[in-house]
Amino acid sequence: MFKGVFKEQAVQVGIGFVFVIVLLGTFVLPEWMSNNFMYGLSRGLAVLGLMILWRTNLVSFGHALYYGVGAYSVAIAQKYLGVTDIFLRVVIAIIAAGLLGYVLGFILRKYREIFFAMLSLAFSMVLYGLLAKAEFLGSTDGMSISPSTLFGLEIGRFGLFYFIGLIVIISLIFAHCYLRSSLGHLTTAISDNEIRVEYLGYSVQKAIHIKYIISACLAGGAGGLMAASLGQVDPDSMVLWSVSGELVFVTIMAGLGNILAPFIGAIFFEFIRTYAYEFAPQAWQMIIGGTLLAIIFFLPGGLWSLFEKINPFKKEKK
Amino acid sequence: MQFLTTVLFDGLIYASYLFIVSLGLTITFGVMKILNVAHGGFFAWGAYLASISIIYLGDNEYNSYFYYFAIFFSAIIVGLFFGYIIERFILRKMYNEDIHLIVLATFGLFWILEDLILHVFGVDPLMPYYPAMELGGIEIAGIFQGVYSLTLAALAIIVAFICWYFLKKTKWGKLLQSVIFDREVSVSMGINVTNVYLITFIIGGMLGALGGAYIAPTISVSPGFAIDVVVMSFAVVVIGGMGSVPGALIGSLIVGLVRAFAVHQAPILELFIIYAIMAIVLILKPEGLFAPPKPRKI
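Everything in this summary refers to the structure shown in the same document. (Residues numbered from 1 in each chain as written. Chains lettered and ligands numbered in written order. Predicted model: local features only at pLDDT ≥ 70, side-chain atom pairs only at ≥ 80, totals over all residues.)

Moving on, we come to the overall build of chain B. When you go through chain B residue by residue, the secondary structure sums to twelve helices and two strands. Along chain B, helices and strands appear, N-terminal first, in the series α-α-α-α-α-β-β-α-α-α-α-α-α-α. For chain B, whose C-alpha radius of gyration is 19 Å, the value lies close to the compact-globule estimate of 19 Å for 298 residues. On the principal axes, the C-alpha backbone points of chain B span a range of 60 × 40 × 35 Å. Evaluated residue by residue, chain B yields a buried proportion of 47% over its 298 residues. (Helix = DSSP H or I, 4+ residues; strand = E, 2+ residues; numbered from the N terminus. Rg over C-alpha atoms; globule rule 2.2 N^0.38 Å. Buried ≥ 20, exposed ≤ 12 C-beta atoms within 10 Å, placed from the backbone.)

Following this line, the structure appears as C-alpha cells:
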C-alpha cells in the first residue's frame with residue numbers, strides 16, 4: 001500500500017510545505033502569527049477528513065462530534081489517568097474518535113445526501129447536550145489542559161509545533177495512500193453510480209464505513225492536537241453545530257483537488273479570522289460569511305483551483 | 001397534578017412558539033428543497049425589530065394595540081426585505097447547485113445577518129416587556145400563567161389554520177402543491193415557478209421573524225440568542241418530516257412537551273433528550289413521522 005509513496009509529487013510537495021510552515025512558525029514569525037499556522041495545521045486534519053467524505057458526496061454537518069470527542073478524551077485522560085504525554089494524547093484521541101466512528105458508521109453508512117447531514121448533526125448535538133450539562137466535565141466552562149510532555153519532559157510550544165507537523169505529514173502520506181488504493185478509487189465511483197459499484201463486486205456500504213472511520217480518526221486527531229495547543233476544551237467552541245459548519249466551510253473554501261488543500265484552507269481561515277477580529281471585532285462573522293459566499297460564487301473549485309492555474313510542476317497531458 | 005399541569009402549560013407554550021418558527025422552515029424546504037440555516041437570522045431580526053419598536057412606543061396604556069401592530073409589522077418587513085434580497089440575488093442563482101452548497105450559502109448568510117444586528121441595534125440586551133406586563137396573568141388550575149404567553153398558543157392555532165386553508169382550499173395552494181410535486185412539469189403547465197419560489201421564501205422568512213417578534217416581550221433579546229433556535233427548529237422539522245405542515249405541528253408538540261418535562265424533572269437531560277429523539281426518528285424513519293409521500297417518477 002505504501003510502496004513508492006515518496007516518489008509521488010503530491011506527497012513530496014505536501015511534506016515540503018509542512019516543513020516550510022513548521023520552520024517558518026518556529027524560527028521566523030512572531031508568536032501570534034505562528035499560532036495561526038499551528039491551529040491551521042491541527043484543524044486541517046479534520047478538514048482533510050471531511051474532504052475524504054465529500055469526495056463521495058457525503059457532507060457531514062456534525063463532524064464536530066469527532067473533533068469534540070478527540071478534545072474531550074484528552075481532557076478526560078488527563079483528569080482521571082494523569083496522561084500528559086503528547087504521543088499518548090493523540091493516540092487516545094484518535095482511538096476514541098475511531099471507535100465512536102466505527103459504532104455510528106453502522107447506522108450512517110446507509111444514509112445519503114441531506115439525511116446523512118442531518119443524522120450526523122443530530123449525533124453531534126446529542127454529545128453537545130450531554131457535555132453542556134455535565135458538571136463533572138465542567139459543563140459550558142469546559143476544562144483546562146496542562147502543557148504537553150514527551151517521555152516526562154515538557155516539550156513547550158516549539159516541540160508541540162514539530163509534533164503537529166509530524167502528525168500532519170503522517171496523515172498526508174496515509175490519506176494519499178488511501179486515495180490511490182482501489183478502496184479509495186471507489187470514492188468517486190460511488191458518488192457517480194452506486195448500483196454499478198455493487199455490480200462490480202464491491203460493497204458500497206463497507207467502503208463508506210471504512211471511509212467514515214478514517215474521517216472520524218482524522219477529526220479526532222485534530223481535536224486532540226487542538227486541545228493540546230489551546231490548553232482548553234469547552235463544548236461551545238468544540239462540539240456546537242456552528243463548529244461543524246465552520247469545518248465544512250473550510251472544506252469548500254480549500255477545494256477538493258488535493259490532499260494539501262485542506263491545510264492551506266485551514267491556515268487561510270485562521271488568518272481571515274484573526275485579522276477580521278483584529279480590525280473589525282464587530283464584523284468578523286460578516287467578513288467570514290461574505291468570504292464563504294464569494295468562494296461559492298466566484299471560486300467553485302476552492303483556493304486549490306488558484307494553485308492549479310499557476311502550478312509550475314503541472315504534468316503535460318499526453 | 002400540579003406538576004403535570006405546569007409541564008403541560010410550559011410545553012404547549014414552547015411548542016406553539018417552535019411551531020411558528022419551524023413552519024417557516026418546513027415550507028421553505030417543502031417547496032424549494034432548501035435547508036435554510038439563515039432562518040435563524042430572520043428569527044433574530046424579527047425579535048430585534050419588534051423589541052426596538054416596542055421600546056420606542058414606550059410604556060403607555062394607550063399604546064397597547066400598537067404593540068401588536070409593531071410585532072406583526074416588523075415580521076412582515078423583515079420577511080419582505082431580507083427574503084426578497086436573499087432569494088432574488090443569491091439563492092436564485094444556485095438552484096442547480098449541489099444541495100450542500102446551498103446549505104453552506106445560507107449558513108454564510110446567517111453569519112452576515114447575525115453581525116448586521118450588532119451594527120444596527122448594538123450589543124446591549126433589549127427587554128421589551130411592556131406587552132407581557134400589561135396583559136398580566138391569570139390563575140388556571142392553581143397555576144399562575146402570563147396571559148401574553150397564552151395568546152402565543154392562540155396565534156399558533158390561527159397560523160396553523162390559515163396555512164391549512166391556504167394549502168387545501170385556495171387556488172394558490174393547489175399551484176404550490178403542483179410545484180412541490182414536480183417543478184419542471186409545473187413550469188411546462190405555465191406556472192411561474194420563479195415567482196412561487198420568491199413568495200414562498202418571503203413567507204417562510206416572515207413566519208420565522210414572527211416567531212422571534214412575538215416571543216421577544218417574554219425574553220431578553222441579546223446577540224447570539226438565535227443560534228439555539230436554528231438547530232432546535234431543525235430538530236422539529238426532522239422529527240415531523242421535512243416539508244410537512246402537520247409534521248411541524250406534531251414535531252413541535254413532541255419537542256415542546258418533552259423539553260418541558262425534562263426541564264422540570266431532569267434539567268441535565270434538557271438538550272440531550274431533544275436531539276436523542278431527533279436521532280432516533282432519523283434512524284427508524286428517516287423521512288420523518290409525517291413526511292409527505294414521495295411521488296415516483298420515471
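The rest of the description comes next.
Turning our attention to the overall build of chain A. Check the secondary structure of chain A and you find 14 helices and four strands. Against the 2.2 N^0.38 benchmark of 20 Å for 318 residues, chain A shows a C-alpha radius of gyration of 19 Å, consistent with a compact globule. Taken along the three principal axes of its C-alpha coordinates, chain A extends 50 × 45 × 45 Å. The buried share among the 318 residues of chain A stands at 49%. Sequence separation of 24 or more characterises 80% of the internal contacts of chain A that already satisfy a separation of 6 or more. (Contact = placed C-beta atoms within 7 Å.)

Attention now moves to the environment of Gly-146 of chain B. Residue and element names in this part refer to chain B. Considering the arrangement of structural elements, one finds Gly-146 in strand 2 (residues 143-146). Gly-146 sits 13 residues away from Met-133 along the chain, and the two C-alpha atoms are 8.4 Å apart. Apart from the residues lying within four places of it in its own chain, the contact partners of Gly-146 are Ala-132 and Gly-137.

Glancing now at helix 12 (residues 261-279) of chain A. In an α-helix, one turn spans 3.6 residues; hence positions three or four apart end up facing the same way. Residue and element names in this part refer to chain A. An ideal rise of 1.5 Å per residue puts 27 Å on 19 residues; helix 12 measures up with 27 Å between its terminal C-alpha atoms. Buried residues of helix 12: Ala-261, Pro-262, Phe-263, Ile-264, Gly-265, Ala-266, Ile-267, Phe-269 and Glu-270, and no others. Against the buried residues of helix 12 lie helix 2 (31-54), helix 6 (156-180), helix 11 (241-254) and helix 14 (303-310). (Expected span 1.5 Å × (residues − 1).)

Here we take up helix 9 (residues 204-230) of chain A. Residue and element names in this part refer to chain A. Look at helix 9: 38 Å from first C-alpha to last across 27 residues, which is about the 39 Å you get at 1.5 Å a residue. Here helix 9 lies mainly inside the structure; 20 of its 27 residues are buried. Phi turns positive one or two residues past the end of helix 9, at Gly-231, with a value near 75°.

This next bit is on the packing of helix 2 of chain A against helix 9 of chain A. Residue and element names in this part refer to chain A. Helix 9 packs onto helix 2 with a crossing angle of 165° between their chain directions and a minimal axis gap of 8 Å. In terms of their interaxial angle, helix 2 and helix 9 are classed as roughly antiparallel. As for how helix 2 packs across helix 9, the hand of that crossing is left-handed. Between helix 2 and helix 9, the residues in contact are Met-38, Tyr-39, Ser-42, Arg-43, Leu-45, Ala-46, Leu-48, Gly-49, Leu-50, Ile-52 and Leu-53 and Lys-211, Tyr-212, Ile-214, Ser-215, Leu-218, Ala-219, Gly-221, Ala-222, Leu-225, Met-226 and Ser-229, respectively. Split into classes, the residues belonging to the contact of helix 2 with helix 9 amount to 15 nonpolar, five polar and two charged. (Axes fitted to C-alpha atoms, helices over the stretch in contact; angles between N-to-C directions. Parallel < 35°, antiparallel > 145°, perpendicular 65-115°, else oblique. Left-handed = near helix turned anticlockwise from the far one by under 90°. Nonpolar A, V, L, I, M, F, W, Y, C, P; charged D, E, K, R; others polar.)

Glancing now at the pairing of strand 2 of chain B. Residues and elements named next belong to chain B. Pairing of strand 1 (residues 137-140) with strand 2 involves four bridges; the strand directions are antiparallel. Bridging from a neighbouring strand, Ile-138 pairs with Gln-145 of strand 2. Connecting strand 1 to the next strand, strand 2, in antiparallel fashion are two residues, including Ala-141 with a positive phi near 50°. (Pairing = 2+ DSSP bridges.)

On to the interface of chain B and chain A. Each side of the interface is counted separately: chain B has 31 residues, and chain A has 34 residues. Only helix 4 (99-121), helix 10 (226-240) and helix 12 (270-284) of chain B provide two or more residues apiece to the side of chain B that touches chain A. Among the elements that line the side of chain B that touches chain A, the one with the most residues is helix 4 of chain B, at 15 residues. In terms of residue class, the side of chain B that touches chain A is made up of 25 nonpolar, three polar and three charged.

Soluble globular proteins tend to pack their nonpolar side chains together in the buried interior. Grouped together as the largest cluster of nonpolar side chains are 199 residues, with contacts concentrated most on Ala-122 of chain A together with Ala-235 and Met-278 of chain B. The element best represented in this core is helix 1 (residues 2-32) of chain B, accounting for 15 residues. With sequence-adjacent residues up to four places away left out, Met-278 of chain B is seen in contact with Ala-122 of chain A together with Ala-235, Val-238 and Ile-239 of chain B. (Core = buried A, V, L, I, M, F, W, Y, C linked by C-beta atoms within 7 Å.)

The next point concerns unusual backbone geometry. The phi torsion at Asn-57 of chain A lies on the positive side, around 70°, for a residue other than glycine. Positioned with a positive phi, Lys-33 of chain B is a non-glycine residue whose angle comes to about 60°. Mapped onto the elements of the fold, Lys-33 of chain B is located in the loop between helix 1 and helix 2 (39-57).

A few words now on the environment of Ala-10 of chain A. Residue and element names in this part refer to chain A. Tracing the backbone shows Ala-10 in helix 1 (residues 9-28). With 17 C-beta atoms counted inside 10 Å, the residue Ala-10 sits in the partly exposed group. Remark: the alpha-carbon pair of Ala-10 and Leu-166, spanning 156 residues in sequence, is separated by 17 Å. Setting aside residues no more than four positions away along its own chain, Ala-10 makes contact with His-176, Asn-258 and Ile-259.

Residues and elements named next belong to chain A. For Leu-48, the location among the structural elements is in helix 2. When the 29 C-beta atoms within 10 Å are taken as the criterion, Leu-48 is described as buried. Those residues within four positions of Leu-48 in sequence are excluded, and the remaining contacts are Ser-171, Ala-175, Leu-218, Ile-259 and Pro-262.

Bringing the packing of helix 2 of chain B against helix 3 (residues 64-89) of chain B into the picture now. All names here are of chain B. Across the interface, helix 2 lies against helix 3 with an axial gap of 8 Å and an inter-helix angle of 145°. Helix 2 and helix 3 meet at a crossing whose hand is right-handed. Across from Phe-42, Trp-45, Gly-46, Leu-49, Ala-50, Ser-53, Ile-54 and Leu-57 in helix 2, the residues of helix 3 making contact are Phe-66, Tyr-67, Ala-70, Ile-71, Ser-74, Ala-75, Ile-77, Val-78, Gly-79 and Phe-82. Tallied by class, the residues present in the contact of helix 2 with helix 3 amount to 14 nonpolar, four polar and no charged.

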